[in-house]
Amino acid sequence: MRSWLRIGIVGAGALAVMLGPLGSAPASAQVERIKVMVANLVPIDRADDDFGKDLSKALREFINVLASHQAIEEKEIRNEAKKYDLDMEDLDCVRSLQLSPQFGANLVFCGGYTEDKQAKTFTLTGVQFTSTQSAPLEVPDKTYHEDDHEIAAQEIAALFGQYTEQIRKAVICGDYYDTGEWASAERNCLEVLSTAPNDTQVRYILANVYKESERLDEAYAETLKVIELDPLNENALQLAGWLATKLGMKAEGRAHNDAYLQLNPGNAQIRMTIAYEVAQAGDPEGAMILVEEGLEIEPDNTDLLLQHASFAIAAGQALKVENQPLSPEAGQFYQRGSESYRQAYAVLGAGMDSGHLYQMIGALNDLNLLDRAVELAEQVLETHSEEASLWYIQGIILNKLGRVDEALQALDEAEGRDPRFPNLKATQGQWLLAVGREDDALPVLMEAVEKGEQPADIVASMFFGRAGAALQAKDWQNALRLIDMAKTFEHEITSRLLGQLDYYKAFSIYQIAYAQQGPQNLQTAQLTLPRFKEVQQMLTLPHVVDWVEGAQAQQKQNYQQVKDGVVQLISIQELIIRRGR
């Protein structure tokens, strides 16, 4: 939901209270009317006070005609003012606003005027409708003849009608925003802004409409207009920071966030909220910088330390290249994050959240400080032995140190804590394959497939990949052994992969038999003839033929050579056997 936005807008609820039910309504409806405190305009520099009294009296009469609003009577205002030792002439805008809650009034009319005695005219100055809940409606300064107080009141009443209509449209604009009807919200907001371009509240709603509609450029432009009109608008500064960051303008985003936080420099919670949004928008480094500024104020704040560590490491991760050592710049971010974690852990100890503990250990791992990392993991597991993720990261580090059996045991511990922890068996199998322990890896990877950790094609390809190295080395027996391991999954893998496996199995058998038939005597012929026939049969399997049809030209050529060669070799072995020598 978007309730946070409406709070920052002065809320449609507050505006609706000020607005009330517009238009006429039958008396039987008994609609509660909104109270307006119409103070007598204050005479300035000894101006005649009758003009102000008469104008305000006439304005009350105009307002009382409305079905939606009701003016507080002058006598009621005068009596309440006396309780505070105030005369009606003392009720400027500040004092009027302070007094208005006594009447339950949501709007106040106030201001002053000067007199030109020679011209017999009065000039309004600083006259406005105002409220503690909204921007004021300023009445233009204007000069009237001494007998024109009713004309002045009528013109002001017309402005008040426009004001309430503007508020009504603003409420509709906000209501459509709350219900997610972006097109209707945009239409009504633009209608308000066509007559009230400086209405920052409505313009802020419009910016958010554009944001929710994923029109970020337009949202940012509108937000900048709000800031231009109201440089201290906290909501607009915060939104501008997020939008600029999301649009890739990190410097501008950081500037907006700095401006916002200058208004709340010591509020750590606000700082952390902003930093989180900045990180989510794609600038973890900017988020880290915001938190660092907070740490200058509160260096021992563990919440700030933990957030700083998290953002610093995220900034380092953004610079990581897969399967490459950390760059110096990425390493610096990791170092800063690791130091903040160290400081926080020194205070929190076992009270630190397991997610941060994992990241703290992981940072040392990424920095390749493996001995420190495994030592810290062992220390943490003394108090958090039920956390599967911590056993997992310990296993990762132990494996990097070459302590494979200990690493395998750590992952077994993780599985014991959380049988659904992802990819434990697949990881163990990969570790065993990496050190050449294929026989140990096979049952582990079979379990990984059964658990759904990895597709059978992926696991079969792990063994086939190792077989490929053996094929390159012409280690045909080892290649055959590894291909047979891959074929353990033949009922679960795709037909194409099975075709490739059977082709290279046939190829390996062919190479082994070809070497064995070299003496070309009865014994070698009897040994190799069944093998050549097996090769011939495998080469005609439909899935092998299908794989060859989709293979590269060189593979097709090799296939044909083996296929033709095996026919000749079968004939030779059969001839030797017939001759009996």
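Use the structure listed above.
So, how was this worked out
- Residues numbered from 1 in each chain as written.
- Predicted model: local features only at pLDDT ≥ 70, side-chain atom pairs only at ≥ 80, totals over all residues.
- Heavy atoms only, no water.
- Disulfide = S-S within 2.5 Å.
- Helix = DSSP H or I, 4+ residues; strand = E, 2+ residues; numbered from the N terminus.
- Buried < 20%, exposed > 50% of the residue type's maximum accessible area, 1.4 Å probe, protein only.
- Salt bridge = Lys/Arg side-chain N within 4 Å of Asp/Glu carboxyl O.
- Core = buried A, V, L, I, M, F, W, Y, C linked by side-chain atoms within 4.5 Å.
- 1 Å grid on protein atoms, 1.4 Å probe; cavity = no way out; pocket = protein on both sides within 12 Å on 5 of 7 lines; lining within 4 Å.
- Points joined across faces, edges and corners; volume = space filled by probe spheres on them.
- Nonpolar A, V, L, I, M, F, W, Y, C, P; charged D, E, K, R; others polar.
- Phe/Tyr/Trp six-rings, centres within 6.5 Å; stacked < 30°, edge-to-face > 60°.
- Lys NZ or Arg CZ within 6 Å of the ring centre and 35° of its normal.
- Axes fitted to C-alpha atoms, helices over the stretch in contact; angles between N-to-C directions.
- Parallel < 35°, antiparallel > 145°, perpendicular 65-115°, else oblique.
- Left-handed = near helix turned anticlockwise from the far one by under 90°.
- Contact = heavy atoms within 4.5 Å.

## Here we look at the state of the cysteines
Evaluated as defined, the whole model comprises 2 disulfides. C93 shares a disulfide with C110; S-S distance 2.1 Å. Measuring handedness by torsion sign, the sulfur bridge of C93 and C110 sits at about 105° and is right-handed. With a gap of 17 residues between them, C93 in helix 5 (residues 93–99) and C110 in strand 4 (residues 107–116) connect regions that are remote in the sequence. As far as the burial class goes, C93 and C110 line up, both buried. With its sulfur 1.8 Å from that of its partner, C173 forms a disulfide with C189. Across the disulfide from C173 to C189, rotation about the S-S bond amounts to roughly 45°, and the bridge is consequently right-handed. With C173 in helix 6 (residues 149–178) and C189 in helix 7 (residues 182–195), this pair connects stretches of sequence that are 16 residues apart. By relative accessible area, which is 0% here, C173 ends up buried.

## Remarks on the pattern of salt bridges
Scanning all chains against the criterion turns up 34 salt bridges. Note that R95 and D92 form a salt bridge whose closest N and O atoms lie 3.6 Å from each other. In this structure D92 comes out as partly exposed when scored by relative accessible area, which is 31%. Where E292 meets R336, a salt bridge forms, and the shortest distance between an N and an O atom there is 2.5 Å. Of this pair, E292 sits in helix 13 (residues 284–297) while R336 sits in helix 15 (residues 328–348); the two residues are 44 residues apart in sequence, bridging distant segments of the chain. Classification of E292 by relative accessible area gives partly exposed; the value is 22%. Look at R336 and you get partly exposed, because its relative accessible area is 34%.

## Notes on the nonpolar core
Within the largest apolar cluster, 132 residues are counted, with the highest numbers of intra-cluster contacts made by F463 and F489. When residues of this core are assigned to their parent elements, the largest contribution, 11 residues, is made by helix 24 (residues 495–516). Counting residues in hydrophobic clusters, the runner-up holds 28 residues, among them L41, Y113, I156 and Y163.

## Topic: empty space enclosed by the protein
If you walk through the whole model with that rule in mind, you get 2 cavities of 30 Å³ or more. Counted as a void, the largest cavity has a volume near 40 Å³. If you go around the largest cavity, the residues you meet are N40, L41, P43, D49, K53, M88, E89 and Y113. Across the lining of the largest cavity, the residue classes break down as 4 nonpolar, 1 polar and 3 charged. Considered as a void within the structure, the second largest cavity measures approximately 30 Å³ in volume. Every residue along the wall of the second largest cavity is listed here: P265, G266, N267, A268, R271, G294, I297, E298 and L304. Breaking the lining of the second largest cavity down by element, the ones donating at least two residues are helix 12 (268–280) and helix 13. Of the residues assigned to the lining of the second largest cavity, the class counts are 4 nonpolar, 3 polar and 2 charged.

## Comments concerning the packing of aromatic side chains
On inspection of all chains with the given rule, the structure shows 16 aromatic pairs. Grouped by ring-pair contacts, the aromatic residues F464, W476, Y503, Y504, F507, W547 and Y559 constitute a single cluster. A cation over a ring is seen here: K211 above W242, with NZ or CZ 4.8 Å from the ring centre.

## A word on the packing of helix 20 (residues 424–434) against helix 21 (residues 438–450)
Where helix 20 meets helix 21, the closest approach of the two axes is 8 Å, and the angle between their N-to-C directions is 165°. Here helix 20 is positioned roughly antiparallel relative to helix 21, judged by the angle of their axes. At the point where helix 20 passes helix 21, the crossing takes the left-handed sense. For the pair helix 20 and helix 21, contact is made by K425, A426, Q428, G429, Q430, L432 and L433 and by E438, D440, A441, V444, L445, E447 and A448, respectively. In terms of residue class, the contact of helix 20 with helix 21 is made up of 7 nonpolar, 3 polar and 4 charged.

## A word on the packing of helix 7 against helix 8 (residues 200–212)
Here helix 7 crosses helix 8 at 150°, and the two axes come no closer than 9 Å. Classified by the interaxial angle, the pair formed by helix 7 and helix 8 is roughly antiparallel. The hand of the helix 7/helix 8 crossing is left-handed. Across the interface between the two elements, W182, A185, E186, C189, L190, V192 and L193 of helix 7 pack against V202, R203, I205, L206, V209, Y210 and E212 of helix 8.

Remember that the coordinates give geometry; whether it matters functionally is a separate question.
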